[in-house]
Structures are given as structure tokens and as C-alpha cells.
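Observations on the three-dimensional arrangement
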Amino acid sequence: MKPEHPDLLAALRRSLLSALPMDRQALAEVRFDRHVGALVGTLQALYGKDDATGFDGWLGELLQTIGQCLAARPAELLALDEDRLAHPDWFLQSRMLGYCAYVDRFAGTLDGVRQRVPYLRELGVTYLHLLPFLKMQAGDNDGGFAVASFEAIEPRLGTMADLDALTAQLRASGISLCGDFVLNHVASDHPWAQAALRGEARYRDYFHVFPDRSLPDAYEAQLSQVFPEVAPGNFTAVPALGGWVWSTFYPYQWDLNYGNRAVFADIAKALLGLANHGVEVFRLDSSPFLWKRPGTSCVNQPEVHLILQALRAVIELAAPGVLLKAEAIVPTAELPPYFGSGEARGHECHLAYHSSLMAAGWAALAEQRTDLLARVIDGTPELPSSATWLTYVRCHDDIVWSTLKPEIAAGGESFSQRLTPVSRFLAGEVDGSFARGQAFQTSAEVPVFGSNGMTAALTGLSTATTADEIVHAERRIRLLYALALSFGGLPLIYMGDELGQGNDESDAHAALRDADGRWLQRPLLDTARWIARDRPGSPSARIHALLRELVQVRKQLPMLAADQPRRRLTTADPALLVLARGDAFVAVMNFSALPKTLPLSALGDIDNSAPWSDAFTGQAATAALSLAPWDLCWLVRQP
Ligand code: GLC
């Protein structure tokens with residue numbers, strides 16, 4: 001905020017305070033002084049150019065809305081905000097564990113989720129990502145990613161009162177709720193879209209509408225496709241709009257026009273509304289696509305970051321305990337700006353998915369070599385304090401291979417030559433493959449795009465029959481989860497993985513899978529497995545126990561907190577991956593089907609002067625580590 005605008009500053013302060021009761025004004029003033037500069041600076045850059053008419057008045061209204069949201073923030077959330085501000089590293093600690101599920105798949109309804117909180121606690125979960133639960137488009141809705149209202153819960157799943165009850169119980173149990181905030185697009189039956197369809201000019205401007213194909217064709221020349229097979233193209237003809245509407249994803253998901261400041265204001269209000277219902281983390285869906293610029297890929301544009309920084313400033317003013325998580329499935333090198341760069345470093349998102357790490361883990365498993373993984377790890381930048389990666393093995397989407405393009409190019413190889421065999425391996429199309437996944441959106445022209453399947457299917461557990469096959473598959477699951485848990489980030493378990501649950505092969509969901517292969521990894525929680533998790537020796541009990549052990553051991557190791565230093569150690573064996581965390585932790589991971597022996601003295605430059613011990617057994621490490629196929633070892637050293 002430039003000091004030459006004292007009048008504007010004073011007016012904005014008045015707008016914010018006007019909405020607030022006396023006992024929240026002092027707090028608001030402190031936050032205003034700290035964050036108004038970022039808010040006004042970013043919005044000025046986005047919307048205030050050329051003395052845009054009414055910009056100052058619009059800003060005043062926005063500040064008033066923010067004030068109203070702060071006034072409405074429940075006292076217990078206000079207290080949570082203060083606590084989080086006092087402990088900004090709360091989500092970086094090694095006790096943190098995420099769990100991700102669809103509400104209906106996991107527990108039927110929001111109330112059902114509430115009843116399963118003890119189960120989450122038993123696993124050690126501290127962060128629960130529930131996939132979209134807001135009112136969704138009737139009929140097809142991309143698993144709820146076509147949002148029909150930011151103010152209502154999907155009726156099948158419950159009510160706002162159920163959400164309040166759930167968030168209260170989660171808070172009391174030390175679990176933060178993460179909700180999807182689908183800010184790139186709304187459903188074609190969202191009231192904004194409906195108003196546009198009725199011809200209301202104000203709402204037509206909420207979208208990118210083109211009267212003919214000339215601009216869409218020009219844009220298409222530079223754009224890539226998210227669903228080249230099932231939803232080709234980025235524009236949809238809508239006769240009632242008299243033209244073509246931008247729809248990056250499905251035709252019924254209409255991209256919002258962030259060039260229109262009214263969109264920003266409505267989205268900010270919607271975000272704060274949900275924060276006041278106790279959503280503590282927002283997964284900012286499809287963040288890279290928010291801004292369109294002719295002649296570019298319309299991904300990762302600088303304005304995307306201004307929008308996200310402005311939203312961060314809005315959060316800082318009215319709900320500073322809340323975290324923002326970027327869902328930006330882009331190469332690692334393109335991610336640092338999502339945490340804020342330059343003067344804004346540390347003032348954008350708190351979290352971002354490390355999707356190349358996830359994809360490279362699967363490639364390593366398929367290829368029995370870790371060079372891509374090593375390149376990803378070496379290229380993972382240092383983050384600002386109070387920010388970290390979301391590390392994971394599987395999620396509801398496909399494994400997106402394009403994120404690995406830079407690492408493959410760095411090795412001088414062709415993307416498709418290197419990864420087509422990986423994609424085919426995971427689909428079980430290669431001799432000797434243990435995996436039973438499926439390729440996603442591939443064709444003769446696009447031989448490698450994405451891969452679908454649950455962890456248990458991709459690691460061979462689902463089809464394992466002999467004792468050896470079962471043990472090997474379990475080790476592969478443990479290996480990938482151990483990487484996510486030791487890398488340094490907030491690790492996430494995807495629902496069903498903790499029970500070794502396989503692909504959804506149910507007849508009831510066959511039509512969904514036929515329409516979009518990602519439904520392969522969106523099964524109903526298998527209640528038989530769920531119940532059997534307590535029966536020693538049952539398949540689900542074995543996986544459950546091995547994951548719980550990893551989680552419990554990690555919790556005891558402060559060097560695995562997200563903000564502790566990480567470094568990869570080189571080994572001569574291409575199937576091994578060695579990761580050090582600080583001076584007192586080393587993970588050795590064997591991605592090969594063969595047993596390996598590694599002398600401790602071969603571990604690069606680590607200090608071997610003090611004795612190392614096995615973090616799981618407590619036994620002293622011998623001079624040479626022996627690793628069974630797909631096994632791993634966590635070595636720790638007493639300080
Ligand atoms: C995100 C979601 C994905 C959805 C898309 C469109 O990538 O994870 O499931 O299809 O956004 O909202």
C-alpha cells in the first residue's frame with residue numbers, strides 16, 4: 001500500500017471496522033496494519049489499472065465484507081486463529097498425518113464421517129481432506145467438482161448444521177478439516193451460470209464467453225487438454241449464451257473470469273463463509289488455470305499468483321488460522337511461485353501437492369530404478385518457513401505423468417519413450433508386471449498421459465496369491481508410504497490404502513468408470529476389510545498395522561518434521577534411494593525385486609562416527625545393511 005494514499009487507507013480501515021463489534025476492533029486494526037498492503041497491492045495490480053472506475057469504492061465494499069465475516073466468526077475459531085498465529089509451524093510437525101476421502105465413499109454422509117472420527121484418531125490422523133461436499137450439479141458433476149452453491153451442502157451428504165457438528169468434533173479431536181474450494185469454475189447450474197443463461201449481463205461477465213470460434217480457435221492453438229478423450233477442447237458451445245464458454249474441464253464446468261473484480265469479491269466471500277463453518281484448510285482446486293492470456297498456455301500466469309496472494313491477505317484479515325493449499329499439478333520447478341515469490345515469498349499458499357514426487361515414486365517401482373525420483377528430489381526447492389509439501393502415494397485423480405517432463409528431458413530422453421513402458425507396466429500390460437491399473441486418456445497419438453488404480457492394485461496386492469507375492473506387494477506399499485512419510489511434508493493416506501483395498505470393480509459404479517476411468521480409485525470403503533483390521537493376520541490388519549507402525553515411528557522422530565533439512569545421498573546402485581533428514585536420520589529404500597546389501601561406509605558423506613540404529617526395531621545397525629526386495633530401512637542416531 002503506497003503511503004501516498006492516506007485517504008484511501010483511512011477509508012478502508014473505516015470500512016473494515018464499520019462491520020465489527022467493539023471487542024473485535026483492536027484485533028482487526030492490528031491485522032489491517034499488517035496485511036492491507038498485500039491486499040491492496042495485489043488487487044490494484046489486478047483490477048486498479050488505468051484508474052478503473054469505482055475501484056476505491058469496490059475495495060471499500062470488499063473490506064466491509066471481510067469485516068462482516070470477521071464479525072461472524074465463531075469465538076472458538078477466533079481462539080483457534082490466535083493459537084495458530086502463535087504456533088505457525090503447527091502443520092509442519094512429524095505428528096501430522098492426512099487422510100483423504102469422499103464423504104459418501106467413506107461414511108455415507110457428513111454425520112457418518114463424524115461417527116468415524118474415532119477410526120481416524122486410531123490411525124493417527126490430524127488432517128482430514130474431504131473431497132467436494134458442497135451442493136453439486138445434478139447428474140454429472142465430476143465427483144462434486146462442479147459446484148452448484150458455495151453456501152449449501154450437497155443434500156445427499158447432509159446440511160450446514162452437520163458440517164458445523166463435524167468440524168466441532170474434528171477440532172475437539174485434534175483433526176483439521178480440509179475442504180475443496182473449486183475456484184476455477186462453477187457448475188452450469190450454479191446461480192451465476194443460470195443468471196448468465198438468462199441473459200443477465202452482470203453474470204455473463206462472470207465467465208469467458210465468445211460469440212464465435214475465432215478467439216477460442218486462437219487460444220486452442222496454445223492450450224493443452226485435461227481430458228483429451230472424454231472432454232476434448234477447452235470451450236463449449238452454449239446456444240443460450242449465444243456463443244462459446246470457456247470450460248477447461250468438463251463442458252458443464254465453466255471457468256470463472258477473474259478479470260472481473262466482482263468474481264474475486266464473491267469468491268473471497270464464499271471462502272470466508274466456509275472458513276466460518278470450521279473448514280481449516282482450503283484445497284484450491286485447479287489453481288494454475290485461473291488467468292487467461294492470449295498467446296500463452298493460460299497456465300501459471302503471473303496474475304494467478306496475485307489472485308492467490310490477495311486471497312491469502314483476505315484470510316489473514318478474517319481467518320488467519322486457515323491454510324491455503326495449491327492444487328497445481330505442474331512440474332516441481334513451476335511450484336515455488338505458489339508459495340509466493342520475491343517480496344511475496346511466504347505470503348501465498350501454505351501447502352502444495354508434490355505430484356512429481358508421487359509420480360516418480362510409481363515410475364521407480366515400475367522401472368526398478370530411482371534416477372527420476374533422484375532428479376525430482378534434487379530439484380525440490382527450499383520453501384519459505386511455515387510452508388510445506390503435501391506428500392502422497394495415491395489420490396482420487398490419475399497419476400499425471402506430464403509433471404515429470406523436465407526430469408526426463410534432463411536425462412536427454414524422450415518423454416513418451418521413457419514413460420510409455422511405465423504406464424503400460426502399471427496397467428498390467430507388460431510381461432512380469434504385478435500391477436493392475438489402467439491407463440487414462442491415452443490413445444495412439446497420446447501413448448502416455450495418466451494412470452489410474454488404487455495403491456493395492458498398482459502394487460500387486462490385489463492379485464497376489466502366494467505368501468511371497470503378498471509379502472512383496474505389502475513391501476511395495478510400505479516403501480511408497482515410507483517415502484511420503486519421510487520426505488518432509490504433510491503426508492496423506494488415501495482412503496482404502498490403509499486397508500489394502502483394491503480397485504472399484506463394482507457393477508453399481510461401472511457406468512461412472514466407463515465415463516471417466518478415475519472412478520477406478522474411488523471405491524466405497526470396504527466394510528468387511530474395515531472390520532477385519534482388528535483381526536490379527538487378516539489382509540487388512542497386516543496393511544493397517546504396517547502403515548500405523550510407519551506413522552507411529554515417524555511421530556517420534558522430530559527430524560522428520562517438514563521443516564527439517566533434507567538431502568539425497570548418492571549410491572552406486574540405481575535401484576536404491578537414500579534420503580537423509582538432518583544428521584540423525586537416513587532412509588534407505590530398495591526399489592528392486594532383488595535383495596541388496598549396502599555398507600554403511602558407502603553412504604556418501606554421512607557421519608558414521610556415532611552408532612546408527614534401526615528406527616523400527618531399535619537394534620544397532622550392522623556395518624552393512626541388508627535389504628530384501630522392495631524393503632526399506634530407517635536409520636536413526638541418538639544425538
Ligand atoms: C482437480 C480435481 C479433479 C477435477 C478437476 C476439475 O484437478 O482434483 O478431480 O476433475 O480439478 O475440478
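From a predicted model like this one, the values you see are computed outputs, not experimental measurements.

Moving on: the nonpolar core. Core analysis: the largest hydrophobic core is formed by 206 residues, its most contacted members being Leu 43, Tyr 99, Phe 133, Phe 207, Phe 264, Trp 401 and Trp 634. The leading source of residues in this core is helix 12 (residues 261-275), at eleven residues. Once residues lying within four places of it in the same chain are set aside, the contact partners of Phe 207 are Val 186, Trp 192, Ala 193, Ala 196, Val 245, Trp 254, Asp 255, Leu 256 and Asn 257. Membership of the second largest hydrophobic core comes to 15 residues, among which are Leu 569, Leu 600, Leu 603 and Trp 612.

Going residue by residue along strand 9 (residues 281-284), you find Val 281 and Arg 283 tucked away on one face and Phe 282 and Leu 284 tucked away on the opposite face as well. One ladder, built from four bridges, connects strand 3 (residues 176-181) with strand 9; its direction is parallel. In the strand pairing of strand 9, Phe 181 is matched with Leu 284. Alignment of strand 9 against strand 10 (residues 323-326), held across four bridges, turns out to be parallel. Note on strand 10: the bridge partner recorded for Val 281 is Leu 323. Read from strand 9 through helix 13 (residues 302-318) to strand 10, the crossover connection turns out right-handed.

A word on the pattern of salt bridges. Inspection of every chain in the model, using the stated rule, returns 35 salt bridges. For Glu 76, the salt bridge is made with Arg 171, and the minimal N-O distance between the two is 3.7 Å. Linking Glu 76 in helix 4 (residues 75-86) with Arg 171 in helix 8 (residues 160-172), this pair joins segments that are 95 residues apart in sequence. Arg 84 serves as the salt-bridge partner of Glu 280, at 2.7 Å between the closest nitrogen and oxygen. In this pair, Glu 280 is assigned in the loop between helix 12 and strand 9 and Arg 84 in helix 4, connecting sequence segments 196 residues apart. What makes Glu 280 buried here is its relative accessible area of 4%. Assessed through its relative accessible area of 14%, Arg 84 is described here as buried. Each of Glu 367, Arg 369, Asp 371, Arg 375, Glu 413 and Arg 418 takes part in salt bridges that share partners, so that together they form one network.

Here the focus is the sheet that holds strand 9. If you trace the eight strands once around the closed barrel, you get 1-2-3-9-10-11-12-16, paired in parallel fashion. On average, each strand axis in the sheet is tilted by 25° relative to the strand beside it, whichever way the strands run. Bridging between strand 12 (residues 388-392) and strand 16 (residues 490-494) involves three bridges; their strand directions are parallel. Looking at strand 16, one finds that Thr 391 is bridged to Pro 491.

With antiparallel pairing, the five strands of this open sheet are ordered in space as 17-18-19-23-21. The open sheet has two free edges, formed respectively by strand 17 (566-569) and strand 21 (613-614), since each of these has just one partner strand. Direction of pairing for strand 17 relative to strand 18 (residues 576-581): antiparallel, over a ladder of four bridges. Paired with Leu 569 across the strands is Val 578, a residue of strand 18. In this fold helix 19 (residues 467-486) packs onto strand 18, strand 19 (585-590) and strand 23 (632-636), with an angle of close to 35° to the strand it touches most, strand 23.

Next up on the list: the packing of helix 14 (residues 355-367) against helix 15 (residues 371-378). Where helix 14 meets helix 15, the closest approach of the two axes is 8 Å, and the angle between their N-to-C directions is 160°. Accordingly, the angle class assigned to the pair helix 14 and helix 15 is roughly antiparallel. The interaxial crossing formed by helix 14 with helix 15 has left-handed handedness. Contacts from Ser 356, Leu 357, Ala 360, Gly 361, Ala 363, Ala 364 and Glu 367 in helix 14 reach Leu 372, Leu 373, Val 376 and Ile 377 in helix 15. Of the residues that constitute the contact of helix 14 with helix 15, the class distribution is eight nonpolar, two polar and one charged.

Attention now goes to the side chain of Ser 287. Along the polypeptide, Ser 287 turns up in the loop between strand 9 and helix 13. Look at Ser 287 and you get buried, because its relative accessible area is 0%. Filtering out sequence-adjacent residues up to four positions away, Ser 287 remains in contact with Val 304, Leu 308, Ala 326, Glu 327 and Tyr 338.

Now for the pairing of strand 22 (residues 624-627). Successive residues of a regular strand alternate their side chains across the two faces of the sheet. Judged by which residues are buried, strand 22 turns out to be one-sided: Leu 625 and Leu 627 face inward and are buried, whereas Ala 624 and Ser 626, on the alternate face, are not. Where strand 20 (residues 596-599) meets strand 22, four bridges bridge the pair, whose relative direction is antiparallel. Opposite Leu 598, over in strand 22, you have Leu 625 as the bridge partner.

Of all residues adjacent to the ligand, which total 13 residues, the nearest are Asp 142, Arg 283, Asp 285, His 396 and Asp 397. Asp 397 is positioned such that a nitrogen or oxygen atom in its side chain is 2.4 Å from an oxygen atom of the ligand. Protein contacts shield 95% of the accessible area of the ligand, which totals 310 Å² for the unbound molecule. Per-class residue counts for the shell around the ligand are three nonpolar, four polar and six charged.

Once that is clear, we can look at helix 15. Listing the buried residues of helix 15 in full gives Leu 372, Leu 373, Ala 374, Val 376 and Ile 377. The inward-facing, buried residues of helix 15 contact helix 14, helix 16 (405-410), helix 17 (415-426), helix 19, strand 17 and strand 18.

With 17 residues, helix 22 (residues 539-555) ought to run about 24 Å at 1.5 Å a step, and its terminal C-alpha atoms sit 25 Å apart, in line with that. Three or more residues of helix 22 are buried, namely Ser 540, Ala 541, Ile 543, His 544, Leu 546, Leu 547, Leu 550, Val 551, Val 553 and Arg 554. Residues of helix 22 that are buried sit in contact with helix 7 (117-123), helix 19, strand 16, helix 21 (527-532) and strand 23.

With a phi angle near 55°, Gln 368 is a residue other than glycine that sits in the positive phi range. One can find Gln 368 in the loop between helix 14 and helix 15. With a relative accessible area of 34%, Gln 368 lands in the partly exposed category. With a phi angle near 60°, Trp 630 is a residue other than glycine that sits in the positive phi range. Structurally, Trp 630 is set in the loop between strand 22 and strand 23.

Another aspect to go through is the packing of helix 19 against helix 22. Running from amino to carboxyl end, helix 19 crosses helix 22 at an angle of 25°, the nearest separation of the two axes being 10 Å. With respect to helix 22, the element helix 19 is oriented roughly parallel. Handedness of the crossing formed by helix 19 with helix 22: right-handed. Residues Ile 470, Val 471, Glu 474, Ile 477, Arg 478, Tyr 481, Ala 482 and Leu 485 of helix 19 lie in contact with helix 22, whose contacting residues are Arg 542, Ile 543, Leu 546, Leu 547, Glu 549, Leu 550, Val 551 and Arg 554. Counted by class, the contact of helix 19 with helix 22 contains eleven nonpolar, no polar and five charged residues.

Reading the values: the criteria
- Residues numbered from 1 in each chain as written.
- Predicted model: local features only at pLDDT ≥ 70, side-chain atom pairs only at ≥ 80, totals over all residues.
- Heavy atoms only, no water.
- Core = buried A, V, L, I, M, F, W, Y, C linked by side-chain atoms within 4.5 Å.
- Buried < 20%, exposed > 50% of the residue type's maximum accessible area, 1.4 Å probe, protein only.
- Helix = DSSP H or I, 4+ residues; strand = E, 2+ residues; numbered from the N terminus.
- Contact = heavy atoms within 4.5 Å.
- Pairing = 2+ DSSP bridges.
- Right-handed = clockwise from strand over helix to strand, strands pointing away.
- Salt bridge = Lys/Arg side-chain N within 4 Å of Asp/Glu carboxyl O.
- Axes fitted to C-alpha atoms, helices over the stretch in contact; angles between N-to-C directions.
- Parallel < 35°, antiparallel > 145°, perpendicular 65-115°, else oblique.
- Left-handed = near helix turned anticlockwise from the far one by under 90°.
- Nonpolar A, V, L, I, M, F, W, Y, C, P; charged D, E, K, R; others polar.
- Near = heavy atom within 4 Å.
- Polar contact = N/O pair within 3.5 Å; in protein donor to acceptor, adjacent residues only side chain to side chain.
- Areas by Shrake-Rupley, 256 points an atom, 1.4 Å probe, with all protein chains shown as cover.
- Expected span 1.5 Å × (residues − 1).

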